[in-house]
Amino acid sequence: MPHISGSDIAGEVAQLGKLVDGHSVGEKVLVSPGLRCGTCEYCTTGRDSLCESYKIIGYETQGGYAEYVAVPGENLIPIPNKLSMEEASSIPLVFLTAWHMLVTRARLVPGETVLVWAGGSGVGSAAIQIAKLLGARVIVTVGSDGKIEKARELGADFVINHHTQDVPGDVKRLTDGKKVDVVFDHVGEATWEKSMRSMAPAGRLVNCGVTTGGKAEVDIRYVFVRQFSLLGSYMGGMGELLQVLKFFEDGRLRPVVDSVFPLKDAAKAQERMEKSQHFGKIVLRV
Ligand SMILES: [Zn+2]
């Protein structure tokens, strides 16, 4: 402390270091949020987030709530055509995370059913779209009825209010008793047991975060008899970010911008997120 937050960054190149190739001053770029060594066994096999020196910009370093940000040249990516600066800044971390979870870790395939917890969150709104892109059937939970229609617009086949409805019961009913093949979770303690009860035999639970806490009980008998897989996921590789960005060119994926605040109102923006009033990403503009 004092810490400058902000892991998702887009802007114009103001100045280039002597060793940076392939970019020019004034170019519009977004920033890949992962810092890596680039030479270890993990980096060279595309598993950047397993690198010993891996860091997330704005989380483990000073970040993007700022007029100027210094990042390695290799982290700069030209902004896809058609996207505004606000839209571009709302893509990197959440779409990379959701892609790594559903494609690389859970290996979601067409015809499968996935349960996405908290579809109104940044990562949840990305997951709904990626799951549909992969040809899956998508059941989404939201925390208020006002978010139901927005989740549907992104492609959710079914939407459940996780505060007023019984998620495992509804999942069972909506799938004719079969339950889901993949659970997409970033909530942790509050959802763990309900996730377990929502999974079909051979189900995969993929998790990238614990906003409600990290302790949960596991009934091991349930895991081995039903042959569940519990998959951890953390960010993703630069190559995966480049892969997911391709789908923004033709509009098959789209950024979900909840609101835009001036940088001086960062505290108000944080409050909006803390109160779960947002759907998608909140952007700060300099
Ligand atoms: Zn490395």
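A brief report on the enclosed structure follows. (Residues numbered from 1 in each chain as written. Predicted model: local features only at pLDDT ≥ 70, side-chain atom pairs only at ≥ 80, totals over all residues. Heavy atoms only, no water.)

### Details of the sheet that holds strand S8 (residues 158-161)
An order of S8-S7-S6-S9-S10-S11 is seen for the 6 strands of this open sheet, with the pairing classed as parallel. Each edge of the open sheet carries a strand with a single partner, namely S8 and strand S11 (229-232). Ignoring which end each strand starts from, the neighbouring axes of this sheet average 20° apart. Bridge count between strand S6 (residues 113-116) and strand S7 (residues 137-142): 4 bridges; the pairing is parallel. Looking across to S7, one finds that Val 114 is bridged to Val 138. Each of S6, S7, S8 and strand S9 (180-185) is contacted by helix H5 (residues 167-174), which is oriented at about 160° to S8, the strand it contacts most. (Pairing = 2+ DSSP bridges. Helix = DSSP H or I, 4+ residues; strand = E, 2+ residues; numbered from the N terminus. Axes fitted to C-alpha atoms, helices over the stretch in contact; angles between N-to-C directions. Contact = heavy atoms within 4.5 Å.)

### Regarding the coordination of the zinc ion
Reference values for angles at a metal are 109.5 degrees in the four-donor tetrahedral case and 90 or 180 degrees in the six-donor octahedral case. Those donors, Cys 37 (SG), Cys 40 (SG), Cys 43 (SG) and Cys 51 (SG), are the protein atoms that reach the zinc ion, and they lie 2.3 to 2.4 Å from it. Here the zinc ion binds 4 donor atoms, and the angle range of 103 to 115° at the metal identifies the geometry as tetrahedral. Sequence spacing among the residues donating to the zinc ion works out to C-x2-C-x2-C-x7-C. The buried category is assigned to Cys 51, whose relative accessible area is 6%. (Donors = N, O, S within 2.8 Å, 3.2 Å for Na, K, Ca; no water. Tetrahedral: all angles 85-135°; square planar, octahedral: opposite > 155°, others 65-115°. Buried < 20%, exposed > 50% of the residue type's maximum accessible area, 1.4 Å probe, protein only.)

### Some points on the packing of helix H2 (residues 92-105) against helix H3 (residues 122-133)
Running from N to C, H2 and H3 point in directions that differ by 50°, and their axes come no closer than 8 Å. By the angle between their axes, H2 is oblique relative to H3. The interaxial crossing formed by H2 with H3 has right-handed handedness. Every residue of H3 that contacts H2 at Val 94, Phe 95, Thr 97, Ala 98, Trp 99, Leu 102 and Val 103 is listed here: Gly 122, Val 123, Ala 126, Ala 127, Gln 129, Ile 130, Ala 131 and Leu 133. The residue inventory of the contact of H2 with H3, partitioned by class, reads 12 nonpolar, 3 polar and no charged. (Parallel < 35°, antiparallel > 145°, perpendicular 65-115°, else oblique. Left-handed = near helix turned anticlockwise from the far one by under 90°. Nonpolar A, V, L, I, M, F, W, Y, C, P; charged D, E, K, R; others polar.)

### Focus on H2
Relative to the 20 Å expected for 14 residues at 1.5 Å per residue, H2 spans 18 Å between its end C-alpha atoms, a close match to the ideal helical length. With 10 of its 14 residues buried, H2 lies for the most part within the structure. Restricting attention to buried positions, one finds in H2 the residues Pro 92, Val 94, Phe 95, Leu 96, Thr 97, Ala 98, Trp 99, His 100, Met 101 and Leu 102. Directly beyond the C-terminal end of H2, a positive phi value near 50° is found at Arg 107. (Expected span 1.5 Å × (residues − 1).)

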